[in-house]
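Working through the structure, step by step
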Amino acid sequence: MISIDRWRVFFPLRLKRALKRQGAQALNALDALRRLLAAEHFPFLLTVLAVVLTASTLGRGWVGDDVIHRSTLLSSTLGQAMRSLFTFLSPERNPALMDAGTAPWWTLPEVRISFFRPLAVLTHWLDYRLWPDVPLLMHAQSILWYAVVCLVAARFYRRFVGHSWIAGLAALLFTVDSAHVNAVASLSSRNVLLTGLFGMLALLAHDRWRRERWKAGALWGPFLLALALLSAEAGVAVGAYLAAYALFLDRGPWRQRVVSLLPYLAVVVLWRVFYQSMGYGAWGSGFYVDPGQEPLRFARLMLERVPLLLLGQWAGADPGLYTALSVRTDVVFWPFAFLFLLAVGVVLWPLLRRDRQACFLALGMLLATVPPSAIRIPSGRLLIFVGLGALGLMAQFFGGMLDRMAWLPAHRLWRVPAWILCAALLWIHLVVSPVSMTATVGVQDPFFENIVDLEPLSEARPEVVVIVNIPSPGHIIYIPDARRVEGEEAPAHLRVLSPGCFGVEVTRVDTTTLLVRPDHGYLIPPGEGIGESADDLPPAHLAYAYQYGDSFFRSHEFPMTLGERVELTGMTVTVTRMTDDGRPAEVLVSFSRPLEDPSIQWLYWDWQRQAYALFDLPAMGQTVRVGGPFDE
């Protein structure tokens, strides 16, 4: 029997030995993981992982812009599709869209949202020539593109971070980054994958030219940049890393460094001249801002969006969630994002001060936030170039902490927050992100399905469908094509009287006329409540995000005027009263037929049921109120 004194000596000794064995096992496991990350075949394992993580998209079908693309691709030649597939609004098409009702009556006639992405269009056109009715195979093509992107990203990190386990970790972080989910899940977002692929290949060619004197790289680099730009406008972000390369990694004289960038600059300038001369770009919309046409507005938006994009990349949350916040919440959220990034910068400063590769990745990341800032809703799918630098920098930070590299400060005041940040980022990007990716990548959007489903029309099939209030005006553009995908007829004319972000009052004036008064008027700035009601609204709600869809068709920079008339087939809208800040507050809607005519079907959006319901017209001189999302 062991005495108490001997137990006091024996137990700590056994505990110490057990902990030592466990520590040795952990070190062995860590060494094995490092060898795997540095293995030659590891990039090919990542392609398998990329396929596994995104395989659930195979059953997703056509959603969002996919339904519009389907109608175009089934009825167009390749040349026609290349010119028009990514043209959503243009002065030439807007009158027909407004008359059909796929653009609401308050659309700015001159608004333009038109993009030239011929290489992306080519991949979609092949889908519809080979398997037009099998969306599973279309999604399979997108998955394969993502697998190739992850393979090239692994090559990129080995080239710019070093042939080590840290480069493998960076490639792993890139592969499991949930910010890439929508670029894979949505067929129409395939252009993001293509521009990312060609952009990284351009950077690899440029590095081989400058570092190894591979002369062909001087031609391949600009050519691949051109392919990136012909895939999507986001390819401009390649210039961010080329500039960072010239500043931190290129070892030639400064004159040679500048000269090496001139071919790329020429490609961008020629692309931009052609792009604008052909009528592509964005103007007049509150959703997209073309920096070439509205530089001051773009600069304001960039100051607002850059911290949100970086926060989304580093903290693992889709920056698009920001749009569901009220203006009052924004006042707190934006400073939080800025302070968080400032804290990350302070922790990373010792690495940046000693490592030129880290500086290259950091500057490339920062400059790459400029192109996606042109979009009002900063979706995570736009972060592919931002993440390229951020995830490489993150891996260098992890590697330095674990390998106790020379740049690590010895002071505890730095090490404690650094280890906290390291643990938090590892948890977010290696645990939460891949789980989130597999859990959400194949999930259908119930809101989209409900808003395009005109359920009460299953029997009626009227000529004109009038929706009193639509929760997200931006979704109206999908309704006809979404119905065709389901094998249902689309109405000849769709009419929306008011956005449904708040309640609306409808007054019967006579047999053919209604007076429509939305709470707080039309074209409400996203996230804002008006007047005293602003204090009673919740800090976050999806209705705020839906307001962005309202501004898709008209920027607040282009207001309507008192007495302005919009004439459509069978309906005329007249602005009869304005708000104090210059927006339409009330409109008179006159139809060419009696409101009870059987050719007209009346619907409204029921926020309680999250679906459309039949609308009962008010009696002569009576007013009916349709509730909004905040009505009790």
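Here is a short report on the structure shown in this document. The shown structure was predicted, so the numbers you read here are calculated from the model rather than taken from an experiment.

How each quantity is defined
- Residues numbered from 1 in each chain as written.
- Predicted model: local features only at pLDDT ≥ 70, side-chain atom pairs only at ≥ 80, totals over all residues.
- Heavy atoms only, no water.
- Helix = DSSP H or I, 4+ residues; strand = E, 2+ residues; numbered from the N terminus.
- Rg over C-alpha atoms; globule rule 2.2 N^0.38 Å.
- Buried < 20%, exposed > 50% of the residue type's maximum accessible area, 1.4 Å probe, protein only.
- Areas by Shrake-Rupley, 256 points an atom, 1.4 Å probe, with all protein chains shown as cover.
- Lys, Arg positive; Asp, Glu negative; His and termini not counted.
- Charge placed at Lys NZ, Arg CZ, Asp CG, Glu CD.
- Patch = residues over 30% accessible without salt bridge, like charges linked within 9 Å, V, L, I, M, F, W, Y side chains within 5 Å.
- Salt bridge = Lys/Arg side-chain N within 4 Å of Asp/Glu carboxyl O.
- Contact = heavy atoms within 4.5 Å.

1. Some points on the overall build of the chain
In terms of regular secondary structure, the chain is built from 21 helices and 13 strands. Here the C-alpha atoms of the chain give a radius of gyration of 28 Å, agreeing with the 26 Å that 2.2 N^0.38 yields for 632 residues. Considered along the principal axes of its C-alpha atoms, the chain spans approximately 95 × 75 × 45 Å. Evaluated residue by residue, the chain yields a buried proportion of 55% over its 632 residues. If you sum the accessible surface of the chain, you get close to 27500 Å²; carbon and sulfur atoms cover 64% of it. Distance from the positive charge centre (54 side chains) to the negative charge centre (52 side chains) of the chain: 19 Å.

2. What to know about unusual backbone geometry
Most peptide bonds take the trans form, and the phi angle of most residues other than glycine is negative. If you check the backbone angles, Arg213 has positive phi at about 60° while not being a glycine. Residue classification places Arg213 among the exposed positions, given a relative accessible area of 54%. Non-glycine residue Gln610 carries a positive phi angle of around 55°. For Gln610, a relative accessible area of 28% gives the class partly exposed.

3. Focus on a nonpolar patch on the surface
A cluster of nonpolar side chains, contributed by Val258, Val259, Leu262, Leu265, Val269 and Val273, occupies part of the molecular surface with about 520 Å² of accessible area. Assignment of secondary structure puts Val259 in helix H13 (residues 254–277).

4. What to know about the environment of Val589
Inspection of the secondary structure assignment puts Val589 in strand S10 (residues 584–591). Judged by its relative accessible area of 0%, Val589 is buried. When the C-alpha positions of Val589 and Thr513 are compared, they lie 5.6 Å apart, and in sequence the two are 76 residues distant. The contact partners of Val589, leaving out residues within four places of it in the chain, are Leu497, Thr512, Thr513, Leu514, Val516, Met571, Thr572 and Val573.

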